[in-house]
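Read off the chains here:
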Amino acid sequence: MSEGTMQRQAQREVGAPPRPFRHWGRDQRAKRRNRVLVCAAAVPVMLVAAGCSSDSGSGDSTDKAAKAAASASAKPSPTVQAAAYGKLPEPCKVLSKKTLEDLVPKGKSGKEGKSDDISTRGSCSWNSLDNNGVKGSQFRWLNVSMLRFESDVTRGPADKLAQEHFEKQVQEAQAVEGAKSVKTEPVAGTGDQATAVHYDLKKKEGTFKQQTVVARVENVVVTLDYYGAGLAGDKTPSGSDMLKDAKKAAKEAVGAVSEANGEGGGKAGGDPSASASKPASKAPSKEASDKPSKGASATPSKKPASKS
């Protein structure tokens with residue numbers, strides 16, 4: 001037997017060693033299987049990660065909305081300039097004793113009108129009858145009313161509201177039914193603005209001379225009505241004299257409003273430097289309406305009383 005034949009026989013008996021290329025193929029297949037398993041296991045992880053990423057985006061949107069809402073709420077609320085005047089004087093004390101003696105010489109103490117809030121509205125009236133028997137009588141009636149306005153973010157600043165009411169009062173005085181020879185003129189040196197309306201009103205008792213002076217000082221409107229007549233055949237009073245007295249009384253009333261708010265009556269004289277620039281003193285939170293409440297006498301009737 002040849003040596004080569006003997007060597008091959010020995011190899012068959014012992015067992016041939018593994019072929020290198022077969023080992024490599026098995027290893028590669030095993031690696032591929034492992035990679036498939038790893039990838040398969042990685043898919044749920046990726047899905048979970050994607051889900052987390054999606055939730056994170058939703059959270060960002062919520063955070064942005066919350067920040068936007070917080071930013072909106074942080075914006076300052078609308079504001080309006082505070083009212084200059086926070087109170088009113090006692091209505092029956094706005095005129096001096098001397099003034100009352102001149103305008104209503106036979107008058108007694110004033111009658112204060114009803115008001116649901118004396119810090120925003122008030123009025124007082126006086127009447128006088130100088131009875132001379134068969135020689136006739138002289139009748140006089142005087143009324144002062146005040147209306148104070150508060151600033152409001154929806155309606156506007158107090159002085160603007162007061163100006164609107166001032167204009168309304170003047171228009172009402174000019175439109176009194178039955179008024180004859182109606183005349184209107186500005187009044188200087190009385191508050192921030194003032195207007196006088198005067199006319200005649202004929203009644204069976206006689207001819208009444210009516211004077212209405214409307215004035216505004218800051219956020220307060222003062223309306224003064226003064227009329228008189230000669231009754232039972234007595235002479236008709238002088239309209240010009242009554243107008244002069246009414247203007248004087250209105251200026252005094254405006255001064256009382258300024259004094260009540262710590263300004264020494266400077267506004268009565270029309271001094272621009274006396275204009276209130278400081279914050280208003282403490283006042284009730286309730287705003288004044290340009291329509292007087294039930295029972296308040298903020299706007300007296302322009303028609304004179306007919307009884308003597």
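Along each chain, numbering runs from 1 in the same order as the chain's sequence is written. Two thresholds apply to this predicted model, a pLDDT of at least 70 for residue-level local features and 80 or more for giving and counting side-chain atom pairs, whereas whole-chain, interface and lining totals are computed over all residues. Neither water nor hydrogens contribute to the side-chain values; these are computed over all heavy atoms in the structure.

**Student:** Could you clarify how one ought to interpret the packing of aromatic side chains in this entry?
**Tutor:** The geometry of an aromatic ring pair is captured by the separation of the ring centres together with the interplanar angle, meaning the angle of the planes. To pair, rings of Phe, Tyr and Trp, with the six-membered ring standing in for Trp, must have centres within 6.5 Å; the planes then decide the type, stacked if under 30 degrees apart, edge-to-face if over 60, and tilted in the middle. Tallying each qualifying case throughout the model produces 3 aromatic pairs. Each ring, one from Trp141 and one from Tyr227, has its centre 5.1 Å from the other, and the planes form 25°; the classification is stacked. In this pair, Trp141 is assigned in strand β3 (residues 137-148) and Tyr227 in strand β7 (residues 220-231), connecting sequence segments 86 residues apart. Neither residue differs from the other here; Trp141 and Tyr227 are each classed as buried. Chaining the aromatic ring pairs together yields one cluster made of Phe139, Trp141, Phe208 and Tyr227. What counts as a helix is a DSSP run of H or I of at least four residues, what counts as a strand is a run of E of at least two, and both are numbered from the N terminus. Only protein chains enter the calculation, and the probe is 1.4 Å; a residue is then buried if its accessible area is under 20% of its type maximum, exposed if over 50%, and partly exposed in between.

**Student:** Before we go on, may I ask you to explain the sheet that holds β3 in this structure?
**Tutor:** Each strand in a sheet pairs with another by means of backbone hydrogen bonds, the pair being arranged parallel or else antiparallel. DSSP bridges decide pairing: two strands pair if at least two such bridges lie between them. The strand order β1-β2-β3-β7-β6-β5-β4 describes an open sheet built from 7 strands, whose pairing is antiparallel. Looking along the sheet, the strands with just one partner apiece sit at the ends: β1 (111-112) and β4 (180-186). In terms of strand pairing, strand β6 (residues 206-217) meets β7 through 9 bridges, oriented antiparallel. In the strand pairing of β7, Thr212 is matched with Asp225. We call two residues in contact whenever any of their non-hydrogen atoms come within 4.5 Å of each other. Think of each axis as a best-fit line through the C-alpha atoms, taken over the contacting stretch in the case of a helix, with angles from 0 to 180 degrees between the N-to-C directions. Across the face of the sheet, helix α5 (residues 239-260) comes into contact with β3, β4, β5 (193-203), β6 and β7 while running at roughly 30° to β6.

**Student:** It is not clear to me how unusual backbone geometry should be interpreted in this structure. Could you clarify?
**Tutor:** Leave glycine aside and you will find that most residues have negative phi; peptide bonds, for their part, are mostly trans. Although it is not a glycine, Ser181 adopts a positive phi angle of roughly 55°. By the element assignment, Ser181 lies in strand β4. In this structure, Ala232 is a non-glycine residue whose phi angle is positive, near 55°. Mapped onto the elements, Ala232 comes out in the loop between β7 and α5. Among the residues examined, Ala232 registers a relative accessible area of 59% and is labelled exposed.

**Student:** Got a minute to help me understand α5 in this structure?
**Tutor:** One turn of an α-helix holds 3.6 residues; hence residues three or four places apart share an orientation. For a helix, the expected span equals 1.5 Å multiplied by the residue count minus one. With 22 residues, α5 ought to run about 32 Å at 1.5 Å a step, and its terminal C-alpha atoms sit 31 Å apart, in line with that. Turning to α5, its buried residues are Met242, Leu243, Ala246, Ala249, Ala250, Ala253, Val254, Gly255, Ala256, Val257 and Ser258. Buried-residue contacts for α5 involve α3 (97-103), β3, β4, β5, β6 and β7. In the stretch just after α5, Gly262 is the one whose phi turns positive, near 80°.

**Student:** I tried to follow the state of the cysteines on my own but got confused; where do I start?
**Tutor:** Structurally, a disulfide amounts to a covalent bond that connects the sulfur atoms of two cysteines. Only a pair of cysteine sulfur atoms within 2.5 Å counts as a disulfide in this structure description. Inspection of the entire model under this criterion finds 1 disulfide. Note on cysteine connectivity: Cys92 is disulfide-linked to Cys124, with sulfurs 2.0 Å apart. Disulfide Cys92-Cys124: torsion about the S-S bond near 95°, hence right-handed. Note that Cys92 is positioned in the loop between α2 (20-74) and α3 and Cys124 in strand β2 (residues 121-131), a separation of 32 residues in sequence.

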